[in-house]
Structure formats: C-alpha cells, structure tokens
Amino acid sequence: MAQPSNKGTFQPDSDVHITYEDQQKINRFARLNAKLDDYKEEIKVKENDLKSLEEACDEIDLFDEDEQIPYLVGRGFHLPKHRNHASKLYFHPNLLKCLKKAIEKIQGEIVELNDKSSQVRETMSELKSHLYGRFGSHINLEADDE
C-alpha cells in the first residue's frame, strides 16, 4: 500500500525556527505569486482583446473598399454623416491599418507579459527550492488549483 506524501502539509507539533530572513523570503514568494496571478489575468484579457481585433479585421475585409464603417461612440454606433466631412480613418483601408497596428501592439504586450511571467517563475523556483530545503514538509508553497 502506498504511503501518503507529507510534502506540503503543516506539522504543528514540530519545532521549526523561522528567522527574519526566512520570513522575508516567504513574503517575497507570496508577493511574486500574486504578481504571477496578475500577469496571467492580464495575458488572458489581452488575448481576448487580440481575438476581438482579429475578428474585427476579418469582418472588415468583407466590406467594400469605399464603404463607411460604423464606429462606437458611447453606447451607440455612428456613421460619418457626409463623406467629404468624415474622417478618413473610418473607411476600409485606413481602418484596417489602424487595427493591424493595434494587433501588433497587443501581441508585443503579450510577449512582454510572458517574459515577465517567466522571470517571476524563475525567481519563485529559486525561492521555493531554498524554502523547501530549509523547512521541508513544514511549508506548503504549491498553488491550490480548484
């Protein structure tokens, strides 16, 4: 019969001395873990924005070249009233260029957030190995995935 693992379970009856430096490392790990969660959420939002922009580009490709594109102001969509007074931004070619720039910007932001996440994970891994080496099964640094 397999014996259950004690890794990550707290044993209150054992004596473990926690130094100030240890507490600082535990606190740093917790802050980094919160930051990593924030990065994950921000990446998810950016990926949704990216998907929306890509879908908008696909839809705009279906319009004719000289067709006016409605734009959102407040809660309603509007079309430029007169072609000669309308901003050229809202016509097919210019709008596509604008959307593609926005897509490139968001893709760059996602790459940057992924790089930051990797750096945080690396630092957390170093802290985790040190803290598990110091406290063993007396500390739990694993994420609770529900």
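Not measured: the values here are computed from a predicted model.

Basis of the calculations
Along each chain, numbering runs from 1 in the same order as the chain's sequence is written. Owing to the predicted nature of the model, reporting of local features is limited to residues with pLDDT of at least 70; listing and counting of side-chain atom pairs is limited to 80 or more, with chain, interface and lining totals taken over all residues. Calculation of side-chain values draws on the structure's entire complement of heavy atoms; hydrogens and water are dropped beforehand. Secondary structure is summarised from DSSP: a helix means a run of H or I of at least four residues, a strand means a run of E of at least two, and numbering begins at the N terminus for each. Think of it in three bands: residues with accessible area under 20% of the maximum for their type are buried, residues over 50% are exposed, and the middle band is partly exposed, with areas taken using a 1.4 Å probe on protein chains only. Only heavy atoms enter the contact rule, under which two residues are in contact if any of them lie within 4.5 Å. Accessible areas in this description were obtained via Shrake-Rupley with a 1.4 Å probe; residue shielding takes into account the shown protein chains only. Residue types Ala, Val, Leu, Ile, Met, Phe, Trp, Tyr and Cys, when buried and joined through side-chain atoms within 4.5 Å, form a set referred to as a nonpolar core. Salt bridges are identified by distance alone: a Lys or Arg side-chain nitrogen within 4 Å of an Asp or Glu carboxyl oxygen. Here the expected span of a helix is defined as 1.5 Å times the quantity of residues minus one. UniProt positions are given in the numbering used here, feature names are shortened, and annotations may be inferred rather than shown by experiment. Think of a 1 Å grid over the protein atoms and nothing else: a 1.4 Å probe that fits but is trapped marks a cavity, an open set flanked by protein within 12 Å on at least five of seven lines marks a pocket, and residues with an atom within 4 Å of a point count as lining. Grid points are joined across faces, edges and corners, and a volume is the space filled by probe spheres set on the points. In the scheme used here, Gly and all other residues not listed as nonpolar or charged are polar, with Ala, Val, Leu, Ile, Met, Phe, Trp, Tyr, Cys and Pro taken as nonpolar and Asp, Glu, Lys and Arg as charged.

(A) Local environment of the overall build of the chain. Regarding its fold elements, the chain presents two helices and two strands. A burial count over the chain gives 23% of its 146 residues as buried. Considering only contacts in the chain between residues 6 or more positions apart, those separated by 24 or more positions represent 71%. Working note: accessible area of the chain is about 11100 Å², and carbon and sulfur atoms make up 50% of it.

(B) Local environment of the nonpolar core. Ranked by size, the top nonpolar core spans 14 residues in total, and within it Phe-29, Leu-32, Val-120, Met-124, Leu-131, Ile-139 and Leu-141 carry the most contacts. When residues of this core are traced back to their parent elements, those giving at least two are helix H1 (20–61) and helix H2 (92–135). With seven residues, the single largest contributor to this core is H2. With residues near it in sequence (within four places) discarded, Val-120 still touches Leu-32, Lys-35, Leu-36 and Tyr-39.

(C) Highlighting the side chain of Ser-117. Within the secondary structure, Ser-117 is located in helix H2. Among the residues examined, Ser-117 registers a relative accessible area of 1% and is labelled buried.

(D) Seen up close, the pattern of salt bridges. One pass over the full model with this rule turns up five salt bridges. We note a salt bridge from Lys-105 to Glu-109, for which the minimum N-O separation is 4.0 Å. Taken together, the positions of Lys-105 and Glu-109, both in helix H2 and four residues apart, correspond to about one turn of that helix. Residue classification places Lys-105 among the exposed positions, given a relative accessible area of 56%. By sharing partners, the salt bridges in this structure join Lys-46, Lys-105 and Glu-109 into a single network.

(E) Structural context of H1. With 42 residues, H1 should reach 62 Å at 1.5 Å per residue; the first-to-last C-alpha distance of 61 Å fits that figure. Those residues of H1 lying buried are Asp-22, Phe-29, Leu-32, Leu-36, Tyr-39, Ile-43, Lys-46, Leu-50, Leu-53, Cys-57 and Ile-60.

(F) Molecular detail of the UniProt feature "coiled-coil region" (unreviewed entry) in the chain. Per the UniProt record, "coiled-coil region" (unreviewed entry) is annotated on residues 29–56 and 96–123. Counted over residues 29–56, helix gives 100% and strand 0%. Its end C-alpha atoms are 40 Å apart. From the first C-alpha to the last, residues 96–123 spans 41 Å; its make-up is 100% helix and 0% strand.

(G) Here's a closer look at the layout of surface pockets. In this model, the largest pocket occupies a volume close to 240 Å³. Residue lining of the largest pocket: 15 residues in total, with Asn-33, Met-124, Leu-141, Glu-142 and Ala-143 positioned closest to the centre. Among the secondary structure elements, those contributing two or more residues to the lining of the largest pocket are H1 and H2. Looking at the lining of the largest pocket, the element that brings in the most residues is H1, giving five residues. The residue makeup of the lining of the largest pocket, split by class, is five nonpolar, three polar and seven charged.

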